[in-house]
Amino acid sequence: MNTIVNGLQWGDEGKGKIVDFLTESADVVVRGQGGNNAGHTVIVGDRKYVLHLVPSGILWPDKRNIIGNGVVLDPVGLVEEIETLEGQGVAITPDNLLISDRAHVVLPYHRDLDAAQEEARGKFAIGTTRRGIGPTYSDKATRCGLRLADLMDADLAHELIDVRLAEANQIFTARGLPTHDAAEVMKRVAAALERLRPHITNTIPVLHEAWQAGKEILFEGAQGSFLDIDFGTYPFVTSSNTTAGGACTGSGLPPTAVDRVIGVCKAYTTRVGEGPFVTENEEIGDYLHGLGREFGATTGRPRRCGWLDIVLLRFACMVNGVTDLAVTNLDGLDEREEIQVCTSYRIDGIEHPFPPAEREAWNRAEPVYESHPGWRQDTSACRTWDDLPEAARAYLTRLATLAGARVSYVGIGPDRAQTILL
Ligand code: GDP
Ligand code: IMO
Ligand code: MG
C-alpha cells in the first residue's frame, strides 16, 4: 500500500513523526516538494532529530529514502544536515539516500534574492524562511534554473549561472546589495556537490521498480495545505504544491500508484510567518509557549497558535483526497477546561463552510465556534483508543465528522512510541 502523508494546516503538523512511525512497515520514503524551509522533528527515546531535506525514514536502517525531482535542494544545507545526522550516529550512504538528478538547486544568490524580495515587499512581506525557496522555484518556472544534472557539468553550469547572474545582479546593484560571480558561486557549492555526487541519480526508474515489485512507498509532504501555491492563503504561501498532486509531480510516480492519503493535523492550529489565521488566539499561544511547545524547527520563531479550524480541514481533506486523519498534539489540550472548534467563517454576515479566495475576505472572516468540554487529564501515557478520556474521544469523533475523514492515528506526545493506531 502506497501512502501520501501531507499536512492539512500551515505546516508543522507532525508529518515527520508520522512518517517515521509508518516507515517501520514501509520500504521507500520519498519527498516530492519543498526544500530546507521544512523542519521535521522526530524523537526516539532521548534522541531528537530535525530533518530538513532528508526524508524522515532515514532513522530506520535498510529503508530507501529518496529526494525527488520536485524538491529544491540547497547542496550546502543538505551536506550540513547529513553531517549532523552522521554525528548522531545515522549512517547515510547511496544505499539509503538517493537524490534526483532533476531536482533544482538552491544557489547562494537565490537566498539573497529571497531576502531582497522580502525587504521589498514592505508591509506585504510573507515572512519566508529566507532559504531561497521562492526564487529557486520561480527560476524553475521561468526556465533559468539549474538542476543537479546541470551542475554535474562544471563548464555548462558556469555558463548558465553567468547568464542568470547578468539579470540577478542588476537587482542586487539597484538595491545596493553585493553582487554574485559565477566562479565564486561554483566554488561555494563545489565541495558539497562532490559529497552528494554518489547519491545523485535518475530516481524515477528506482521508484517505479519499487512500485512494480510491490514495495511499500511513503510520500512525505513538506509544509501544509494552506501553504500550497494554488490552494493556500495566497500570497502567504510557499512556492510549491504541498497538496496530494505534488507527491506525483515531485516524484515521477503517477496517481495510480497512490492507495491512500493520510492527512496530518494538530488538535489545534499553528502557523509560522505572516498571513491570515482566523482562529488565532494569543492566550492559547502563551499557554503552549509556556509549556515550551510551538517554536519553529527551522527558524526557531515562536509559532502563532489558535483553535482547531474545520473550515481549513474540510477543504484540505477535499483537495488532498484524505482517506485517514492523523491528529497530533492532542496532549497539548490536556489541561484545557473548554475547547473551541471553528466550524465555519462568517464573512459579512454570511456563513461559509470553505475558505475564501479574496485577501480582504480573509481579514473580515470571523470564526463561528462550537464548544467542547476538556478532559483535564494527562493523555501522554495512553496507548489505545480506549485509554483516552471519554471527552477526548468525543472531540476526535466530532472532528472526524466535521472534516469528513476517519481518524486513524492520534499523537499524544512527540516520541515515536506516543502514537495511537486505531
Ligand atoms: P512537521 O514539520 O510537520 O514534521 O512538524 P514539526 O516537527 O515541525 O513540528 C511538530 C512538533 O510537534 C515537533 O516538535 C514534534 O516533536 C511535536 N509533535 C509531533 N506530534 C506530537 C504529539 O502528538 N504530541 C506532542 N506533544 N508533540 C508532538
Ligand atoms: P514543514 O515541512 C511551517 C512558511 C514560512 C512562510 C511561508 C513561505 O516543517 O511543515 P518559504 O520559505 O517557503 O518561502 O516561506 O511558508 N513555511 C513553513 N511553515 N512549516 C514549514 O515546513 C514551512 N515551510 C515554509 O514560515 O510563512
Ligand atoms: Mg516543521
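Residues numbered from 1 in each chain as written. Chains lettered and ligands numbered in written order. Predicted model: local features only at pLDDT ≥ 70, side-chain atom pairs only at ≥ 80, totals over all residues. Heavy atoms only, no water.

Caption draft 1: Just the site of ligand 1, in detail. With respect to spatial proximity, 19 residues lie near ligand 1, and among them Lys 15, Gly 39, Thr 41, Asn 329 and Asp 331 are the closest. At 3.3 Å, a backbone N or O of Ile 412 approaches an oxygen atom of ligand 1. Within the complex, the protein chains bury 91% of what would otherwise be the 580 Å² of accessible surface of ligand 1. The set of elements that each furnish at least two residues to the shell around ligand 1 consists of helix H1 (15-23) and strand E3 (40-44). If one sorts the elements of the shell around ligand 1 by residue count, H1 sits on top with 3 residues. Class assignment for the residues of the shell around ligand 1 results in 3 nonpolar, 9 polar and 7 charged. Each of two domains, domain 1 (27-43 + 52-101 + 207-261) and domain 3 (262-421), supplies a minimum of three residues to the shell around ligand 1. (Near = heavy atom within 4 Å. Polar contact = N/O pair within 3.5 Å; in protein donor to acceptor, adjacent residues only side chain to side chain. Areas by Shrake-Rupley, 256 points an atom, 1.4 Å probe, with all protein chains shown as cover. Helix = DSSP H or I, 4+ residues; strand = E, 2+ residues; numbered from the N terminus. Nonpolar A, V, L, I, M, F, W, Y, C, P; charged D, E, K, R; others polar. Domains from an automatic or database assignment.)

Caption draft 2: Fine view of the coordination of the magnesium ion (ligand 3). Looking at the metal site, the magnesium ion (ligand 3) is ligated by Asp 12 (OD) and Gly 39 (O), spaced 2.0 to 2.2 Å from it. Remark: Gly 39 occurs in the loop between strand E2 (28-31) and E3 and Asp 12 occurs in the loop between strand E1 (3-7) and H1; sequence separation between them is 27 residues. (Donors = N, O, S within 2.8 Å, 3.2 Å for Na, K, Ca; no water.)

Caption draft 3: Quick peek at the packing of aromatic side chains. A full pass over the atoms with the stated rule returns 8 aromatic pairs. Plain terms: the ring middles of Trp 10 and Phe 226 are 6.3 Å apart, the flat faces sit at 65 degrees to each other, and that makes the pair edge-to-face. Here Phe 226 lies in the loop between strand E10 (217-220) and helix H9 (244-249) and Trp 10 lies in the loop between E1 and H1, a separation of 216 residues in the sequence. As far as the burial class goes, Trp 10 and Phe 226 line up, both buried. Here the aromatic rings of Trp 10 and Phe 277 are separated by 5.1 Å at their centres, their planes lie at 55 degrees, and the arrangement is tilted. With Trp 10 in the loop between E1 and H1 and Phe 277 in the loop between strand E12 (269-271) and helix H10 (282-290), this pair connects stretches of sequence that are 267 residues apart. In this pair, the class of Trp 10 matches that of Phe 277, namely buried. Grouping aromatic residues by their ring pairs yields a cluster made of Trp 10, Phe 226, Phe 231, Phe 277, Phe 315 and Phe 354. (Phe/Tyr/Trp six-rings, centres within 6.5 Å; stacked < 30°, edge-to-face > 60°. Buried < 20%, exposed > 50% of the residue type's maximum accessible area, 1.4 Å probe, protein only.)

Caption draft 4: Local environment of the packing of helix H3 (residues 108-121) against helix H6 (residues 154-174). Their axes nearest at 11 Å, the elements H3 and H6 cross at an angle of 25 degrees. By the angle between their directions, the pair H3 and H6 is classed as roughly parallel. The handedness of the crossing between H3 and H6 comes out as left-handed. Only Ile 161, Arg 164, Leu 165, Ala 168, Ile 171 and Phe 172 of H6 make contact with H3, whose side of the interface consists of Tyr 109, Asp 112 and Leu 113. In terms of residue class, the contact of H3 with H6 is built from 7 nonpolar, no polar and 2 charged. (Axes fitted to C-alpha atoms, helices over the stretch in contact; angles between N-to-C directions. Parallel < 35°, antiparallel > 145°, perpendicular 65-115°, else oblique. Left-handed = near helix turned anticlockwise from the far one by under 90°. Contact = heavy atoms within 4.5 Å.)

None of this, on its own, says anything about what the molecule does.
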